Amino acid sequence: MKTKTLKTIKWLSVAILLLATVFILFDLVGLANKLWLASEGNRIVWMPDHKAWQVFILAGRVVTDILLYVFLFCFLVKTDKAMKSGVIFPKANISVIRWAALTTILSTFVQSNYQGVLEGDPVSVLESNTFIVPLSIFLFAGLYKMAYLSAKDSNLAI
């Protein structure tokens, strides 16, 4: 692979990680603000009968954000290492993409209910994105696996 392409991919990976880091920090600071830092009228509205639900959604938001960030980091690091050795599609990334898809199921569900939990709305929401986004990522994992197998066959043929 050309050195210019490798450098471009490496800088793009750094930019993606930087943006993801800013997003995670912004999200965590926003949550901390709603929990502790905001004025009394702008804080989360706790519902005594649904407190466990609220804690589940808030914790789910933090956990899924961090897990998706870790999966992104692993994906980019494995890709960078593999490309240095001449491999375009590392096999280890297939499982990373699949785990990210599973995490996205919880992430999209939590995201759908997050604003309601902050406002004290006891109604839970199940949107179509809860299934469409993870299925799309699973499709991407399958396509990635096909690309890995094609690259492997291509290397064997040479």
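Anything mentioned here points back to the structure above.
Residues numbered from 1 in each chain as written. Predicted model: local features only at pLDDT ≥ 70, side-chain atom pairs only at ≥ 80, totals over all residues. Heavy atoms only, no water.

### Thoughts on the environment of Lys 7
Condition: Counting from the N terminus, the helices are the DSSP runs of H or I reaching at least four residues and the strands are the DSSP runs of E reaching at least two.
With respect to the helices and strands, the residue Lys 7 is situated in helix α1 (residues 3–37). Sequence separation between Lys 7 and Tyr 114 is 107 residues; the distance between their C-alpha atoms is 39 Å.

### A look at a nonpolar patch on the surface
Stated formally: Patch construction takes residues with relative accessible area above 30% that form no salt bridge. Like charges are linked within 9 Å, and nonpolar side chains (Val, Leu, Ile, Met, Phe, Trp, Tyr) are linked within 5 Å. Only the protein chains shown count as covering a residue, and every accessible area follows the Shrake-Rupley method with a 1.4 Å probe. A pair is scored as a salt bridge if a Lys or Arg side-chain nitrogen falls within 4 Å of a carboxyl oxygen belonging to Asp or Glu.
A contiguous nonpolar surface patch, about 710 Å² in accessible area, is contributed by Trp 99, Leu 102, Ile 105, Leu 126, Phe 131, Leu 135 and Phe 138. Those elements that provide at least two residues to the nonpolar patch are α3 (92–119) and α4 (129–157). Tracing the backbone shows Ile 105 in helix α3.

### What to know about the packing of aromatic side chains
Heads up, the rule is: When the centres of two rings from Phe, Tyr and Trp lie within 6.5 Å, Trp using its six-membered ring, the rings pair. Their planes under 30 degrees apart give stacked, over 60 give edge-to-face, and anything left gives tilted. To sit over a ring, a charge needs its Lys NZ or Arg CZ within 6 Å of the ring centre and within 35 degrees of the ring normal.
All told, the structure shown has five aromatic pairs when counted by the stated rule. Consider the rings of Phe 140 and Tyr 144, whose centres lie 6.4 Å apart with planes at 55°: the pair is tilted. Residue Phe 140 and its partner Tyr 144 are located together in helix α4, separated by four residues, close to a single helical turn. One aromatic cluster in this structure is built from Phe 75, Phe 89, Phe 140 and Tyr 144. Its end group placed over the ring of Trp 46, Lys 51 keeps NZ or CZ at 5.6 Å from the ring centre. The ring centre of Tyr 114 lies 3.9 Å from the NZ or CZ of Arg 61, which sits over that ring.

### Things to note about the nonpolar core
Side chains that are nonpolar tend, in soluble globular proteins, to be buried together. Just so we agree on the cut-off: Among buried residues, those of type Ala, Val, Leu, Ile, Met, Phe, Trp, Tyr and Cys that are joined through side-chain atoms within 4.5 Å constitute a nonpolar core. The cut-offs for exposure are 20% and 50% of the maximum accessible area for each residue type, with area from a 1.4 Å probe on protein chains only; residues under the lower value are buried, those over the upper are exposed, and the others partly exposed. In what follows, residue pairs with any heavy atoms lying within 4.5 Å of each other are defined as contacts.
Membership of the largest hydrophobic core is limited to 10 residues, which are Leu 31, Leu 35, Ile 44, Ile 57, Leu 58, Phe 109, Val 110, Tyr 114, Val 117 and Leu 118. Taken together, the elements giving at least two residues each to this core come down to α1, α2 (51–84) and α3. Per element, the largest residue contribution to this core is five residues, and it comes from α3. Aside from chain neighbours lying at most four places away, what touches Tyr 114 is Leu 31, Ile 57, Leu 58 and Arg 61. Counting five residues, the second largest nonpolar core, distinct from the first, contains Ile 97, Ala 141, Tyr 144 and Tyr 148.

### Digging into the side chain of Ser 112
To be explicit about the condition: Any pair of N or O atoms that falls within 3.5 Å is considered a polar contact. Within protein, one atom must be able to donate a hydrogen and the other to accept it, and sequence-neighbouring residues count only if both atoms are side-chain atoms.
For Ser 112, the location among the structural elements is in helix α3. At 3.1 Å, the side chain of Ser 112 forms a polar contact with the side chain of Glu 127. Beyond its immediate chain neighbours, meaning those up to four positions away, Ser 112 contacts Val 125, Glu 127 and Thr 130.

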